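# Structural features, examined
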Amino acid sequence: MTSRKRFHQPSVLPGFGLTFGFTTFFLSALVLLPLAALVTMAGSMHWGDFVHVVTSARALGSYRLSFGASALAAGINLVFGFILAWSLVRYEFPARKLIDALIDMPFALPTAVSGIALTSVFAQNGWIGRYLALAGIQVAYTWIGVTVALTLIGMPFMVRTLQPALIEVQRDLEDAAETLGAGRAYVLRRIILPTVLPAMLTGFTLAFARAVGEYGSVIFIAGNLPMKTEITPLLIVIHLQEFDYRGAAALGAVMLVMSFIVLLTINLIHAWGHRRMVASAR
Amino acid sequence: MAGGIAVAVRGELATRPGRDTVRAVLLRWTLIVVSLAFLASLLLAPLATVFAVAFQRGWQTYLQTFADSDTRDAIRLTLLTAAVVVPLNTLFGLAASWCIAKFEFKGKSFFVTLIDLPLAVSPVISGMLFVLLFGLQGWFGGWLQDHGITIIFALPGIILATMFVTFPYVARELIPLMQQLGNDEEEAAITMGAGAWMTFFRVTLPKVRWGLVYGVILCNARAMGEFGAVSVVSGHIRGLTNTMPLHIEILYNEYNFAGAFAVASLLTLLAVLTLIIKSLLERAGYQRR
């Protein structure tokens, strides 16, 4: 007890030992130990082998698709998510509350379900796919299909991040600007966008991060052709199925590093947004 | 659609005449229509498809899917997994939030980072972590084989992977809630002689109950629907290690679309139910922090 006292501030509340012990045990067994296995597995490779695995043509092709389609999907969400969040916050229309509740659907819906459902809607004989096919656009089993699935997955992140930010926008500033003769475009560019910019960047990063790792909703619609429509998580699964644990661990390590960079970016955006807010309040 | 907009615009102009209003109202309805079209094609059409395809061949075929023993085993396995994982993760969430929200200690932010980690990691990597530990060529693979214990491609692996993916949900709901509510009431109870457990059950638990329910239903939805992580550790053995989402994949790949979408319709209903409970909690005054 005495050694523990040193690193935790005294409190009249009971249960520190019990809850600290349980939490430490749980996190060590479930998170730290498995992470250590990944790091040592990837670390036990020769540097040359590691580089060979993570820079093979097939891996590079999968990064291009995973990161490219994720960025594109997050970009689509930046535009449509903004319009959607704006409509939900600013306008009153029939079934608005229901639509608002539905935004969380991609969170709650199992990815395998959204995967097969999107595939059947966007296949050549699907409800939407058949009209796109008339225009010569094939969605299912191409990179476009991957982007569609990743857009659905990222949508709630963008909308839910933007909604509170849009509520914060000061309406009287907009009214004042319009009274002084500013057009809607000018108000959007000079008042609304600067206020919600940190939220837009955060939403973009969150949607991007979720999309890069997404597996279930993508593999059904992707077609999964090496170099063309094969995402990085699928390549990891293929390595595992061939019992190439080291190759899988190496690719996993690359993706983990990317996740950490993304998390770091989100924290930097938060700090920057906070500094901006403090500065503008002065 | 254009007709609808015209009617709406005319309706608003009748109540609020003015030069700029025409453009403002037009803009408003254009944005609403764009929003709804975006949602309809990306979300509503796939949701409707699930039920349309599931019932394509009528009720009989739909029910037949659930008479199949493989489907029943998959449902049973999913329920069993959730029944193990959700209570354990709830216990962890309560312990972690008590420890983190009520005390100041070194290394607290490290705890919080570890709790956030599964949400930032690809589900495939989550599953792979346990393969690297317990798989045949993993850390403990040889030892486990010598002792005749199987974890990967068996129930324990599925439970571990599901637990990893879903344990943050309860904790992340409770930590900010407890931090915001503060310790005053607990401190008063303890000072006046209440025991530790009595303070927890009579003071803390009632304060955070909606947040707890919120976390538990999200945890449960994810636990029952997890695909990527479970897919990596399960081995897809029919009747043995096949959960509902994995069973959907098998039926789909066998071109048994009616069956795949029938199972999918059950999981869709689970998602709808989750969202309904979530909305009810928010209406009861619970606010996420």
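Residues numbered from 1 in each chain as written. Chains lettered and ligands numbered in written order. Predicted model: local features only at pLDDT ≥ 70, side-chain atom pairs only at ≥ 80, totals over all residues.

## With respect to the overall build of chain A
Helix and strand content of chain A: 14 helices and zero strands. Along the chain direction, N to C, the helices and strands of chain A fall in the order α-α-α-α-α-α-α-α-α-α-α-α-α-α. Along the first, second and third principal axes, the C-alpha set of chain A runs to 70 × 65 × 35 Å. Counting only residues that meet the buried cut, chain A has 42% of its 282 residues in that class. (Helix = DSSP H or I, 4+ residues; strand = E, 2+ residues; numbered from the N terminus. Buried ≥ 20, exposed ≤ 12 C-beta atoms within 10 Å, placed from the backbone.)

## Focus: the packing of helix H2 (residues 16-43) of chain A against helix H4 (residues 69-102) of chain B
For the pair H2 of chain A and H4 of chain B, the least separation of the axes is 8 Å and the interaxial angle reads 120 degrees. By the angle class used here, H2 of chain A and H4 of chain B are oblique. In this structure, H2 of chain A meets H4 of chain B at a crossing whose hand is left-handed. Packed against H2 of chain A, whose contacting residues are Phe 16, Thr 19, Phe 20, Phe 22, Thr 23 and Phe 26 of chain A, the element H4 of chain B presents Phe 92, Ala 95, Ala 96, Trp 98 and Cys 99 of chain B at the interface. (Axes fitted to C-alpha atoms, helices over the stretch in contact; angles between N-to-C directions. Parallel < 35°, antiparallel > 145°, perpendicular 65-115°, else oblique. Left-handed = near helix turned anticlockwise from the far one by under 90°. Contact = placed C-beta atoms within 7 Å.)

## Some details on the interface of chain A and chain B
Counting residues at the interface gives 70 residues for chain A, matched by 73 residues for chain B. Here the side of chain A that touches chain B gets 15 residues from one element, more than from any other, and that element is H2 of chain A. Residues of the side of chain A that touches chain B, tallied by class, amount to 54 nonpolar, 15 polar and one charged. (Nonpolar A, V, L, I, M, F, W, Y, C, P; charged D, E, K, R; others polar.)

## Observations regarding the confidence of the model for chain A
For chain A, the average pLDDT comes to 90, and 97% of its residues sit at 70 or higher. When mean pLDDT is taken per element in chain A, helix H7 (residues 111-122) of chain A scores highest with 96 and helix H1 (residues 2-7) of chain A scores lowest with 55. (pLDDT = per-residue confidence, 0-100.)

## Here we look at helix H2 (residues 21-54) of chain B
If you check H2 of chain B, its first and last C-alpha atoms are 47 Å apart, about what 34 residues at 1.5 Å a residue would give, namely 50 Å. Maximum bend of H2 of chain B: about 50 degrees, positioned at Ala 40 of chain B. (Expected span 1.5 Å × (residues − 1). Bend = angle between axes of the 7 residues up to and from the residue.)

## Regarding the domain arrangement of chain A
Interface extent is often summarised as the accessible area lost during association of the parts. For chain A, the assigned domains read domain 1 (12-44) and domain 2 (46-281). Each of domain 1 of chain A and domain 2 of chain A has a C-alpha centre, and the two are 31 Å apart. (Domains from an automatic or database assignment.)

## Let's talk about the confidence of the model for chain B
Per-residue confidence for chain B averages 90 on the pLDDT scale, and 93% of its residues sit at or above 70. Interface confidence in the predicted complex, given as ipTM, is 0.88; pTM for the same model is 0.90.

## Considerations on the domain arrangement of chain B
All names here are of chain B. On domain assignment, one finds that chain B holds domain 1 (2-54) and domain 2 (58-283). A straight line from the C-alpha centre of domain 1 to that of domain 2 covers 38 Å. Tallying the contact residues gives five residues for domain 1 and eight residues for domain 2. In the side of domain 1 that touches domain 2, the residues fall into five nonpolar, no polar and no charged.

## Things to note about the nonpolar core
In terms of nonpolar packing, the biggest core is built from 156 residues, with Ile 116 and Ile 221 of chain A together with Met 128, Leu 132, Ile 248 and Ala 264 of chain B touching the most fellow members. In terms of residue count, H4 of chain B provides more of this core than any other element does, 13 residues in total. (Core = buried A, V, L, I, M, F, W, Y, C linked by C-beta atoms within 7 Å.)

## A word on the environment of Thr 268 of chain B
Here Thr 268 of chain B lies in helix H14 (residues 257-283). Through-space distance from the C-alpha of Thr 268 of chain B to that of Phe 51 of chain B is 9.1 Å; in sequence the pair is 217 residues apart.

## Topic: the environment of Ile 217 of chain B
Following the sequence through the fold, Ile 217 of chain B ends up in helix H11 (residues 196-225). Setting aside its immediate chain neighbours within four residues, Ile 217 of chain B contacts Thr 274, Ile 277 and Lys 278 of chain B.

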